[in-house]
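Fold and geometry: a report
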Amino acid sequence: MIGSGLKKLAKENGMTVGHGVAYGPYQGFALTMSEGNGWKALEFATRFPNPAGEDALKYKLNAVDLKRTYRVRDLVIGQRSVAIVFLDNPGTMKKILAFLEWFMPLLEESGATKVNICNECGLETVGNDCWVLIDGVAHHMHTACKEKVKGELNAENQERIEENGGSYLTGFLGALGGALIGAIVWAIVLLLGYVASLVGLLIGFLAEKGYNLAKGKQDKGKIAILVIVIVLAVLLGTVAADAISLAQMINSGELHEYTYGDIALL
């Protein structure tokens, strides 16, 4: 939600208040205003077609002590926006208004794209345009571009849901399967008379690969499961190598007093 100060500023400039933010055209640029506990924020949805203009803007911003002068806590210039966060204390609205009076001409001079330029494709919006809220920031774009962005966001959300909706059980079984393959390699290496740390890394790689393929849950529990199956694989590979070695010795007559059934007791 936004307070009375930002609501008043939005109303004075014909902006829309909704979804917990205020957004719309502000002096020709697409602006979103929001606030929370101890902060107020302005975010301009814009791009810089000319890198030199962006560099010039950064130079002018760096030349001023923004925190002391305007109570700016953070200022981030991204690929699609310029975000300014203010410390929210009594009198901050006056600081925000002073900042806007100083900043808007600089933004204009930088060649940053205005509200009539689609913030997705970079072409002019002539009818068939709309506002789209993405992560709480309003972007002005073509309707077709909006549908494209919505599709991409839905795909990302679905992928995130699938990752977070995995199962420890399937992940454990997958990791165990991968680790067992590594255990076989470990046993072979031991039989050849070597102890290779690279094989340990291979077991870890195969265990994680199996976990991911089995759609295991992607959180802190994954690490615990991988550690368990890797240790089990190393132990199993070591025991298997010893068992095979004893079987060979019995077969060759070195341990003639024992039978294969005694291997488990040795």
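Just so you know, these numbers come straight off a predicted model, no measurement behind them.

Below, the discussion takes up a nonpolar patch on the surface. Taken together, the side chains of Ile-184, Ile-188, Leu-192 and Tyr-194 make up a nonpolar region of the molecular surface, amounting to roughly 460 Å² of accessible area. Positionally, Ile-184 belongs in helix H6 (residues 168-191). Judged by relative accessible area, which is 54%, Ile-184 ranks as exposed.

What follows covers the sheet that holds strand S3 (residues 29-36). Taken in spatial order, the six strands of this open sheet run S1-S2-S3-S4-S6-S5, and their pairing is antiparallel. Edge positions in the open sheet fall to strand S1 (16-18) and strand S5 (72-77), since each of these has one partner strand only. Mean inter-strand twist for the sheet, computed between neighbouring axes without regard to direction, equals 15 degrees. As paired elements, strand S2 (residues 21-26) and S3 share five bridges and run antiparallel to each other. Bridge pairing in S3 places Tyr-23 opposite Thr-32. The sheet contacts of helix H1 (residues 4-12) involve S1, S2, S3 and strand S4 (39-45), and relative to S3 the element is tilted by about 165 degrees.

Moving on, we get to helix H4 (residues 92-109). Relative to the 26 Å expected for 18 residues at 1.5 Å per residue, H4 spans 26 Å between its end C-alpha atoms, a close match to the ideal helical length. Of all the bends in H4, the greatest, near 30 degrees, is centred on Phe-103, and the proline Pro-105 appears no more than four residues after it. Of all the positions in H4, only Thr-92, Met-93, Ile-96, Phe-99, Leu-100, Phe-103, Met-104, Leu-106 and Leu-107 are classed as buried. At the C-terminal side of H4, Gly-111 shows a positive phi close to 85 degrees.

At their nearest, the axes of H1 and H4 sit 10 Å apart, and the two run at 35 degrees to each other. In this structure, the crossing between H1 and H4 has a hand that is right-handed. Contacts between H1 and H4 involve Gly-5, Leu-6 and Leu-9 on the former and, on the latter, Met-93, Leu-97 and Leu-100. By residue class, the composition of the contact of H1 with H4 is five nonpolar, one polar and no charged.

The next thing to look at is the pattern of salt bridges. Overall, the coordinates contain 10 salt bridges when judged by the stated rule. A salt bridge links Glu-109 to Lys-60; its shortest N-O distance comes to 2.9 Å. Highlighted residues: Glu-109 in helix H4 and Lys-60 in helix H2 (residues 51-62), separated in sequence by 49 residues. For Glu-109, a relative accessible area of 52% gives the class exposed. You can call Lys-60 partly exposed: its relative accessible area is 33%. Note that Arg-80 and Glu-120 form a salt bridge whose closest N and O atoms lie 2.8 Å from each other. Linking Arg-80 in the loop between S5 and strand S6 (81-87) with Glu-120 in the loop between H4 and strand S7 (129-134), this pair joins segments that are 40 residues apart in sequence. Under the relative-accessibility criterion, Glu-120 is labelled buried at 11%. A single salt-bridge network, built from bridges that share partners, covers Glu-35, Lys-40 and Asp-88.

Conventions adopted
Residues numbered from 1 in each chain as written. Predicted model: local features only at pLDDT ≥ 70, side-chain atom pairs only at ≥ 80, totals over all residues. Heavy atoms only, no water. Patch = residues over 30% accessible without salt bridge, like charges linked within 9 Å, V, L, I, M, F, W, Y side chains within 5 Å. Areas by Shrake-Rupley, 256 points an atom, 1.4 Å probe, with all protein chains shown as cover. Salt bridge = Lys/Arg side-chain N within 4 Å of Asp/Glu carboxyl O. Helix = DSSP H or I, 4+ residues; strand = E, 2+ residues; numbered from the N terminus. Buried < 20%, exposed > 50% of the residue type's maximum accessible area, 1.4 Å probe, protein only. Pairing = 2+ DSSP bridges. Axes fitted to C-alpha atoms, helices over the stretch in contact; angles between N-to-C directions. Contact = heavy atoms within 4.5 Å. Expected span 1.5 Å × (residues − 1). Bend = angle between axes of the 7 residues up to and from the residue. Left-handed = near helix turned anticlockwise from the far one by under 90°. Nonpolar A, V, L, I, M, F, W, Y, C, P; charged D, E, K, R; others polar.

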